[in-house]
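Residue strings, one per chain:
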Amino acid sequence: MSLPYAEVIGDPIAQSKSPVIHGFWLEKLGIEGRYDRHRVPADGLAAYLAERRLDTDWRGCNVTMPHKLAILPLLDRLDPLAAKIGAVNTVVREQDGTLTGYNTDAPGFLEPLRERLEETHLFRMARILGTGGASRAIVAALAEKGFVIVLAGRDPAKAQTMLDELTTQSDHHAIDLSHFAEPTDFAFDDRERCFDVIVNASPLGMTGQPPLAFDLSHAPPRSVAYDIVTSPLDTPFLKAAREAGFDTVDGLAMLIGQADIAFTHFFGETPPREHDSELRGRLLT
């Protein structure tokens, strides 16, 4: 008997934790289905989608590096949020075989910040490190929530282009990533109702990648340090921030949050989030 299935694609893909997350929810809900990982090189993306279109058991896929932007012209339609962000991390096969692209990174990123975002603040600022596909979703999500964005990349011109595409205000800033590597003596606003977030949206600090050079003197009082890297889960950036007294959010928070929305698209059920602690334990084994 054939079973409905979804999968995550990328290159490399062996490190992906998505099969554990979706498999856990399938198990808890008693759904007969599966979720796989599939390595798709850049030059094989079009052929992969052409083949999967014809598979009536395939519900869709999550999309990771390096395909989040490259996949756009290969889809039949884009959800409005994905169109605005210009990056897709979830593809759903409709009943007629057409493919719709979604971006669940943006709401997934915001999920662990939800309680703070419900508060009223005098000022909100986000320092976002990295200008890849995930960064596009994060910039769009935080700009929508009233944050002034400081976007740092190796190419400030690319960062500025991203800000121009994704935001409407003119008070955002694009700078060189190296700016945050050196100490600063800037006197930050220390009022309690200021909300500052520092996000590593780059691969820096990931297993096998160069370290992230960020001097914590650039972190205003009571900042939240958020790293979307999941391997290692407790990155040097998060360790240093926690030791300095800052609140931290790890990459599993965003990964589980974005997977929640994708799972509903694929399998038509709401994930059992009351088991998040157990899921985290399984992801860490």
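Owing to the predicted nature of the structure, the values given are computational and were not obtained by experimental measurement.

Here we look at the overall build of the chain
Along the backbone of the chain there are 10 helices and 12 strands. Whereas a compact globule of 285 residues would reach a radius of gyration of roughly 19 Å, the chain reaches 19 Å, a difference of no more than 12%. Along the longest, intermediate and shortest principal axes, the C-alpha atoms of the chain span 65 × 40 × 40 Å. The burial tally for the chain puts 49% of its 285 residues in the buried class. Counted over contacts in the chain with a minimum sequence separation of 6, partners at least 24 positions apart contribute 67%. With the model as given, the accessible surface of the chain reaches about 13,200 Å², and the carbon-plus-sulfur share is 51%. The averaged location of the 41 negative side-chain charges in the chain is 2 Å from the averaged location of its 28 positive side-chain charges.

A word on the pairing of strand β9 (residues 173–176)
With four bridges joining them, strand β8 (residues 148–153) and β9 adopt parallel strand pairing. When the sheet's bridge partners are listed, A152 is paired in β9 with I175. Following the backbone out of β8, through helix α7 (residues 156–166) and into the adjacent parallel β9, one traces a crossover that is right-handed.

Comments concerning the pattern of salt bridges
Taken as a whole, this structure holds 19 salt bridges when the rule is applied. Among the salt bridges present, the one from R52 reaches E7, with a minimum N-O distance of 2.6 Å. Of this pair, R52 sits in helix α2 (residues 45–53) while E7 is found in strand β1 (residues 5–10), placing the two residues 45 residues apart along the sequence. Residue R52 shares its accessibility class with E7, and that shared class is buried.

Here we look at the environment of F237
The residue F237 is located in helix α8 (residues 236–243) in this model. For F237, a relative accessible area of 7% gives the class buried. Those residues in contact with F237, other than ones at most four positions away along the chain, are I198, N200, L212, F214, A225, Y226 and D227.

Topic: the packing of helix α1 (residues 18–29) against helix α9 (residues 251–267)
One can describe the packing of α1 onto α9 by two numbers: an axis separation of 10 Å at closest approach and a directional angle of 55 degrees. It follows that α1 is oblique to α9 by the angle criterion. The handedness of the crossing between α1 and α9 comes out as right-handed. Listed contacts from α9 to S18, I21, H22, W25, L26 and L29 of α1 are L255, I256, A259, D260, A262, F263, F266 and F267. The residue inventory of the contact of α1 with α9, partitioned by class, reads 11 nonpolar, two polar and one charged.

A look at the pairing of β1
For a regular strand, the rule is simple: side chains alternate between the two faces of the sheet. Among the six residues that make up β1, six are buried, leaving the element largely enclosed by the rest of the structure. A two-sided burial pattern is seen for β1, the buried positions comprising Y5, E7 and I9 on one face and A6, V8 and G10 on the other. Bridge count for β1 against strand β2 (residues 34–39) is six bridges, and the pairing is parallel. Paired with V8 across the two strands is R37, which belongs to β2.

Description of the sheet that holds strand β7 (residues 123–129)
Working definition: the strands of a sheet are paired by backbone hydrogen bonds and lie parallel or antiparallel to each other. If you walk across this open sheet you meet the six strands as β9-β8-β7-β10-β11-β12, and the pairing is parallel. The open sheet has two free edges, formed respectively by β9 and β12 (247–249), since each of these has just one partner strand. Strand-to-strand twist in this sheet, taken as the mean axis angle between neighbours without regard to direction, amounts to 20 degrees. Note: strand β11 (residues 224–227) against β12, three bridges, orientation parallel. What sits directly across from A225, in β12, is T248. Contacting β8 and β9, α7 runs over the sheet at an angle of about 160 degrees to β9.

Cut-off values and rules
Residues numbered from 1 in each chain as written. Predicted model: local features only at pLDDT ≥ 70, side-chain atom pairs only at ≥ 80, totals over all residues. Heavy atoms only, no water. Helix = DSSP H or I, 4+ residues; strand = E, 2+ residues; numbered from the N terminus. Rg over C-alpha atoms; globule rule 2.2 N^0.38 Å. Buried < 20%, exposed > 50% of the residue type's maximum accessible area, 1.4 Å probe, protein only. Contact = heavy atoms within 4.5 Å. Areas by Shrake-Rupley, 256 points an atom, 1.4 Å probe, with all protein chains shown as cover. Lys, Arg positive; Asp, Glu negative; His and termini not counted. Charge placed at Lys NZ, Arg CZ, Asp CG, Glu CD. Pairing = 2+ DSSP bridges. Right-handed = clockwise from strand over helix to strand, strands pointing away. Salt bridge = Lys/Arg side-chain N within 4 Å of Asp/Glu carboxyl O. Axes fitted to C-alpha atoms, helices over the stretch in contact; angles between N-to-C directions. Parallel < 35°, antiparallel > 145°, perpendicular 65-115°, else oblique. Left-handed = near helix turned anticlockwise from the far one by under 90°. Nonpolar A, V, L, I, M, F, W, Y, C, P; charged D, E, K, R; others polar.

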